[in-house]
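# A look at the structure
Residues per chain are reported as follows:
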Amino acid sequence: MSKRKSKHPKRNEINSRNKTPKKIDISDNSANFKWSVAFADFEGPWGWERITVKLLFNEVIPKLQNFATMKWSCLDSGKCHFISCNQLSQKAKVRLKELDKEDVQELFSLRLDSKKRIFGQRQGQYFHILWWAPKHEVCPSKKKRA
């Protein structure tokens, strides 16, 4: 009589004493940029319902994918930067209040081109997308353009 092998795979016992999860210092600018749309505003003046599918897939998502190859230290260096909520337009301040985000102290601005911006909050290595601002009107530039 031959022995039949079980059709169920053997369970490997994991030695938890030898395994420790990797910790990422999320306050460190050497962390990789990651993005999330979990808190995106769809209805306000800079709501994502205002963007065309073509623009979203041809410009915005490719830029976000490119940013995701970078460290925060590369992004937070001039053209992409934090903006104090005190510097936002009055309309932006009102919208933050409507979204129950009046406790937010600063937003991060991702520059896509000379005018187009994505605004959101940085939490650790994550950029939580909030607004789509195609005309740079959330925080208007004080530079005079010729």
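This text goes with the structure placed above it.
So, a few notes on the structure that sits alongside this text. All values reported here derive from a predicted model rather than from experimental measurement. (Residues numbered from 1 in each chain as written. Predicted model: local features only at pLDDT ≥ 70, side-chain atom pairs only at ≥ 80, totals over all residues. Heavy atoms only, no water.)

The next subject is unusual backbone geometry. The phi torsion at Asp100 lies on the positive side, around 55°, for a residue other than glycine. Position of Asp100 among the secondary structure elements: in the loop between helix H3 (90–98) and strand E3 (106–111). One non-glycine residue with positive phi stands out, namely His136, at about 60°. Residue position: His136 is located in the segment after strand E5 (126–133). Exposure remark for His136: the relative accessible area of 15% places this residue in the buried category. (Helix = DSSP H or I, 4+ residues; strand = E, 2+ residues; numbered from the N terminus. Buried < 20%, exposed > 50% of the residue type's maximum accessible area, 1.4 Å probe, protein only.)

What follows is about the sheet that holds E5. In space, the 5 strands of this open sheet follow the order E1-E5-E4-E3-E2, with mixed pairing throughout. The sheet is open, and its two borders are formed by strand E1 (34–36) and strand E2 (81–84), each paired with just one other strand. For this sheet the average axis-to-axis angle between neighbouring strands, irrespective of direction, equals 40°. When E3 meets strand E4 (residues 117–123), the two strands line up antiparallel, connected through 4 bridges. Counted as the bridge partner of Ser109 is Phe119 from E4. (Pairing = 2+ DSSP bridges. Axes fitted to C-alpha atoms, helices over the stretch in contact; angles between N-to-C directions.)

Turning next to the packing of aromatic side chains. As enumerated under the stated definition, the model contains 8 aromatic pairs in all. Aromatic pair Phe33 and Phe67: ring centres 6.0 Å apart, planes at 70°, arrangement edge-to-face. On the criterion of sequence distance, the pair formed by Phe33 in the segment before E1 and Phe67 in helix H1 (residues 53–67) is long-range, its members being 34 residues apart. Given a relative accessible area of 1%, Phe33 falls into the buried group. What makes Phe67 buried here is its relative accessible area of 6%. Ring plane angle 35° and centroid distance 5.8 Å describe the contact between Trp48 and Trp132, whose orientation is recorded as tilted. Within this pair, whereas Trp48 is found in the loop between E1 and H1, its partner Trp132 is found in strand E5, the two being separated by 84 residues in sequence. Each member of the pair, Trp48 as well as Trp132, carries the same accessibility label: buried. (Phe/Tyr/Trp six-rings, centres within 6.5 Å; stacked < 30°, edge-to-face > 60°.)

A few words now on the nonpolar core. Ranked by size, the top nonpolar core spans 18 residues in total, and within it Leu110 and Ile118 carry the most contacts. Considering each element in turn, this core owes the most residues, 4 residues, to H1. The contact partners of Ile118, leaving out residues within four places of it in the chain, are Trp48, Val60, Leu64, Phe108, Ser109, Leu110, Leu112, Phe127, Ile129, Trp131 and Trp132. Listed in part, the 14 residues of the second largest apolar core include Trp46, Leu96, Leu107 and Trp131. (Core = buried A, V, L, I, M, F, W, Y, C linked by side-chain atoms within 4.5 Å. Contact = heavy atoms within 4.5 Å.)

Before going further, it helps to spend a moment on the pattern of salt bridges. Applying the stated criterion across every chain yields a total of 4 salt bridges. The salt bridge partner of Arg95 is Asp41, with a shortest N-O separation of 2.7 Å. In this pair, Arg95 sits in helix H3 while Asp41 sits in the loop between E1 and H1, placing the two residues 54 residues apart along the sequence. Here Arg95 falls in the buried class, since its relative accessible area comes to 12%. By relative accessible area, Asp41 is classed as buried at 4%. A salt bridge links Asp113 to Lys116; the shortest N-O distance between them is 3.4 Å. Given a relative accessible area of 26%, Asp113 falls into the partly exposed group. Connected through salt bridges with shared partners, the residues Asp41, Arg95 and Glu98 form a single ionic network. (Salt bridge = Lys/Arg side-chain N within 4 Å of Asp/Glu carboxyl O.)

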